[in-house]
Amino acid sequence: MEAQLQGGSESGVEGTITVSPASPGPARLGVPNSRPLANTTFLVQGAASPVRTFTTDAHGQFCVLLPPGHYTVSLKDSQPRIGRFGAFEVDVISSKMTSVSWQCDSGMR
């Protein structure tokens with residue numbers, strides 16, 4: 001999942017996005033209560049404007065190259081009526097990939 005920016009230095013955000021609860025009703029012993037948020041597109045926004053988008057893979061993982069700065073990441077386009085899918089705040093440091101593990105709320109109860 002690693003990539004490089006110009007000059008061989010890499011910076012950006014990589015990680016996994018999950019959603020829970022994965023099914024309605026009470027949590028059951030031995031049954032995972034979260035699942036990867038697969039094939040979902042998010043918008044990365046800088047201080048003044050959108051910077052780029054990324055889409056999670058089948059395992060909810062992603063990697064996006066970004067210059068150093070502060071960013072807000074949220075679900076792109078349609079907002080669900082229920083649930084919460086960001087916004088997530090992240091700081092990118094020069095020459096480093098910032099690792100994150102974000103959890104969304106499906107809104108199921």
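Look up a bit, the structure's there.
Conventions we followed
Residues numbered from 1 in each chain as written. Predicted model: local features only at pLDDT ≥ 70, side-chain atom pairs only at ≥ 80, totals over all residues. Heavy atoms only, no water. Helix = DSSP H or I, 4+ residues; strand = E, 2+ residues; numbered from the N terminus. Polar contact = N/O pair within 3.5 Å; in protein donor to acceptor, adjacent residues only side chain to side chain. Contact = heavy atoms within 4.5 Å. Core = buried A, V, L, I, M, F, W, Y, C linked by side-chain atoms within 4.5 Å. Buried < 20%, exposed > 50% of the residue type's maximum accessible area, 1.4 Å probe, protein only. 1 Å grid on protein atoms, 1.4 Å probe; cavity = no way out; pocket = protein on both sides within 12 Å on 5 of 7 lines; lining within 4 Å. Points joined across faces, edges and corners; volume = space filled by probe spheres on them. Nonpolar A, V, L, I, M, F, W, Y, C, P; charged D, E, K, R; others polar. Pairing = 2+ DSSP bridges. Axes fitted to C-alpha atoms, helices over the stretch in contact; angles between N-to-C directions.

(A) Structural detail: the side chain of Thr40. Positionally, Thr40 belongs in the loop between strand S2 (35–36) and strand S3 (41–45). Polar contacts involving the side chain of Thr40 include one to the main-chain carbonyl oxygen of Ala38, which spans 2.9 Å. When neighbours within four sequence positions are excluded, Thr40 is seen to be in contact with Phe54, Thr55, Thr56 and Leu75.

(B) Summary view of the nonpolar core. Ranked by size, the top nonpolar core spans 20 residues in total, and within it Val13, Ile17, Phe42, Phe54, Phe62, Val73 and Trp102 carry the most contacts. Residue assignment for this core shows that the elements contributing at least two residues are strand S1 (12–20), S3, strand S5 (61–65), strand S6 (69–75), strand S7 (86–92) and strand S8 (97–105). Not counting chain neighbours up to four residues away, the residues in contact with Phe42 comprise Ile17, Leu37, Arg52, Thr53, Phe54, Thr56, Val73, Ser74, Leu75, Lys76, Phe85 and Phe88.

(C) Highlighting empty space enclosed by the protein. Scanning the entire structure with this criterion turns up one cavity of 30 Å³ or more. Size it by volume and the largest cavity reaches roughly 50 Å³. Looking at the largest cavity, the residues that line it are Ser23, Gly25, Pro26, Ala27, Arg28, Val31, Pro32 and Asn33. Split into classes, the residues belonging to the lining of the largest cavity amount to four nonpolar, three polar and one charged.

(D) Examining the pairing of S6 more closely. Summarising the sheet, S3 and S6 pair through four bridges and their orientation is antiparallel. From the neighbouring strand, Phe42 faces S6, where its bridge partner is Leu75. As paired elements, S6 and S7 share six bridges and run antiparallel to each other. Pairing of Gly69 across the sheet is with Val92, part of S7.

(E) Looking closely at the environment of Ser20. Secondary-structure assignment places Ser20 in strand S1. Spatially, the C-alpha atoms of Ser20 and Arg35 are 6.6 Å apart, while their sequence positions differ by 15 residues. Residues contacting Ser20, with those up to four places away along its chain left out, are Asn33, Ser34, Gln103, Cys104, Asp105 and Ser106.

(F) Representation of the sheet that holds strand S4 (residues 50–55). On the basis of which strands lie adjacent, the open sheet formed by four strands has the order S4-S3-S6-S7 and antiparallel pairing. The open sheet has two free edges, formed respectively by S4 and S7, since each of these has just one partner strand. For this sheet, the mean angle separating the axes of adjacent strands, direction not counted, is 25 degrees. When S3 meets S4, the two strands line up antiparallel, connected through five bridges. Of the residues in S4, the one forming a bridge with Val44 is Arg52.

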